[in-house]
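In case you want the letters, here they are:
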Amino acid sequence: MTMTNEAMPAEIASVGASRRQFLHGLAAGLSAPALIGAGLVLPSLARPARAQDGEIRFEHAFGTTVLEKPATRVVSIGYNTQDPLLALGTPPVGIREWFGGQPHAVWPWAQSYLGGAKPTVISGEVSIEIIASLQPDLIVGVGSGISQAEYDVLSQVAPVLMQPADNPSYGTRWDIQTEMFGRALGKSDKARELIESNKALFAAARARHPEWVGKTGVCAYNFNGETGAFIGSDTRATFLAELGFTPTKQLTDLKTTQGFYAPMSPEDLSALDADLLVWVSSSDTVPDIVALPMRKTLKAHREGREVMAGSLIAGALSFGSVLSLPFALKELENEMALALDGDPATKVASSVKAGLAP
């Protein structure tokens, strides 16, 4: 049995498909893991309590999942949930591929965590037969977009872990995922270490660049002739927010689409005119962005404050995971510092390479 869009409720089939189409072309993937925030302060979580008999209980969007003991054979059908599982030292036996065609559906920032594991790659829709053949003791459905009916069917194969009830389908942040999976795997201490380590990395970056706090920053895209910016709880927007940046006022006033990106008129890109403008693309060559006529009217362009996040870094920002965020920070920090050094003559390497520099 294969789950298809036809089996989903109409609102999930239509909304999910549009998000997937849009984000795939942006190297942001098939759907809204784009929404997973990079917030680095661990919030108050819905904490499933251990029962006295040792069971681990999770209350979530579709009900209650009970594990009799920590899971060891895990299938990951969320679009980016392989990363925290790998970080916790439990390579999934099956991984649902999001985008990018990476070996075993694992990107470079997480490859070393595979060890000798060779997970089965699940492409496209979710195959019950493939998942059952892997004999999992846990199926991670957080960020998968499956319906209640699909959850019920999968639960006949193994316990299924979904997002907290107050989270949208694709809106569970990296730290919440890491904490949840740590408990499911019996590795809560390791999860806390990972979360604190990431928090420390971003805190250190803010300390190195106190001048960034309060400056405006925007992550922008140009896809299929549409130009816009990532906003709100989208991972690209929250990445900048964690470094102290705020969106431009014009951007916050724009009408949004599905809450994570804001398209704009090609005749008016003024909402992108931030102190820092990061272009996010699935390609390392961006003639479409270079040719945008109104881009050259932006002060951010004229003063050399554009940074290019090509395919690999765009993937890391899109995953927004406990493993990809440190990678993105390492790759972008120096470029951002060059763009914001106050000297228009300073060359930003990624911008020069992409042909974006003035």
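Computed from a predicted structure; not experimentally measured. (Residues numbered from 1 in each chain as written. Predicted model: local features only at pLDDT ≥ 70, side-chain atom pairs only at ≥ 80, totals over all residues. Heavy atoms only, no water.)

**Description of the pattern of salt bridges**
By the definition in use, this model includes 13 salt bridges. Here Arg 173 and Asp 175 are joined by a salt bridge, their closest N and O atoms 2.8 Å apart. Looking at Arg 173, the relative accessible area reads 22%, which means it is partly exposed. Looking at Asp 175, the relative accessible area reads 0%, which means it is buried. Across the salt bridge formed by Arg 208 and Glu 333, the nearest N and O atoms sit 2.7 Å from each other. Of this pair, Arg 208 sits in helix 7 (residues 188-208) while Glu 333 is found in helix 13 (residues 324-339), placing the two residues 125 residues apart along the sequence. Salt bridges linked by common partners bring Lys 299, Glu 303 and Arg 305 together as one network. (Salt bridge = Lys/Arg side-chain N within 4 Å of Asp/Glu carboxyl O. Buried < 20%, exposed > 50% of the residue type's maximum accessible area, 1.4 Å probe, protein only. Helix = DSSP H or I, 4+ residues; strand = E, 2+ residues; numbered from the N terminus.)

**Describing the packing of aromatic side chains**
A full pass over the atoms with the stated rule returns 15 aromatic pairs. Seen from their ring centres, Phe 99 and Trp 107 are 5.1 Å apart, and the 55° between their planes marks the pair as tilted. Taking 5.4 Å as the distance between ring centres and 35° as the angle between the ring planes, the aromatic pair formed by Trp 212 and Phe 245 counts as tilted. Placement of the pair is Trp 212 in the loop between helix 7 and strand 8 (217-223) and Phe 245 in the loop between helix 8 (235-242) and helix 9 (249-252), with a sequence separation of 33 residues. (Phe/Tyr/Trp six-rings, centres within 6.5 Å; stacked < 30°, edge-to-face > 60°.)

**Remarks on the confidence of the model for the protein**
Averaged over all residues, the pLDDT of the protein is 87; the fraction at 70 or higher stands at 84%. Segment residues 1-52 is flagged for pLDDT under 50; beyond a separation of four residues in sequence, or across chains, it makes 167 contacts in the model. (pLDDT = per-residue confidence, 0-100. Contact = heavy atoms within 4.5 Å.)

**Points about the sheet that holds strand 8**
An order of 10-9-8-11-12 is seen for the five strands of this open sheet, with the pairing classed as mixed. Across the chains shown, the open sheet's two edge strands, defined by having one partner strand only, are strand 10 (261-264) and strand 12 (306-309). Averaged over neighbouring strand pairs, the angle between their axes works out to 30° when direction is ignored. For strand 9 (residues 226-230) and strand 10, the ladder comprises four bridges, and the chain directions are antiparallel. The residue bridging Thr 227 from the neighbouring strand is Met 264, located in strand 10. Set on the sheet, helix 8 makes contact with strand 8, strand 9 and strand 11 (276-280); between it and strand 8 the angle comes to about 160°. Sheet strands touched by helix 13: strand 11 and strand 12. Its angle to strand 12, the strand with the most contacts, is close to 160°. (Pairing = 2+ DSSP bridges. Axes fitted to C-alpha atoms, helices over the stretch in contact; angles between N-to-C directions.)

**Focus: the sheet that holds strand 6 (residues 138-140)**
Pairing is parallel in the open sheet, where five strands are placed in the order 5-4-3-6-7. Edge positions in the sheet fall to strand 5 (120-122) and strand 7 (160-161), since each of these pairs with one other strand and no more. Strand direction decides the pairing type here: strand 6 and strand 7, joined by two bridges, are parallel. Paired with Ile 139 across the strands is Val 160, a residue of strand 7.

**Examining helix 8**
Burial analysis of helix 8 places seven of its eight residues in the buried class, which makes it a mostly covered element. Listed in full, the buried residues belonging to helix 8 are Thr 235, Arg 236, Ala 237, Thr 238, Phe 239, Leu 240 and Glu 242.

**Quick notes on the environment of Pro 266**
Position of Pro 266 relative to the elements: it lies in the loop between strand 10 and strand 11. By relative accessible area, which is 49% here, Pro 266 ends up partly exposed. Sequence separation between Pro 266 and Gly 225 is 41 residues; the distance between their C-alpha atoms is 8.6 Å.

**Comments concerning the nonpolar core**
Core analysis: the largest hydrophobic core is formed by 67 residues, its most contacted members being Phe 239, Leu 243, Leu 276 and Met 336. Considering each element in turn, this core owes the most residues, seven residues, to helix 13. The residues touching Leu 243, leaving out its near neighbours within four places in the chain, are Phe 202, Ala 205, Arg 206, Trp 212, Leu 329 and Met 336. Residues Ala 271, Leu 292, Leu 298 and Ala 354 belong to the second largest nonpolar core, which totals 21 residues. (Core = buried A, V, L, I, M, F, W, Y, C linked by side-chain atoms within 4.5 Å.)

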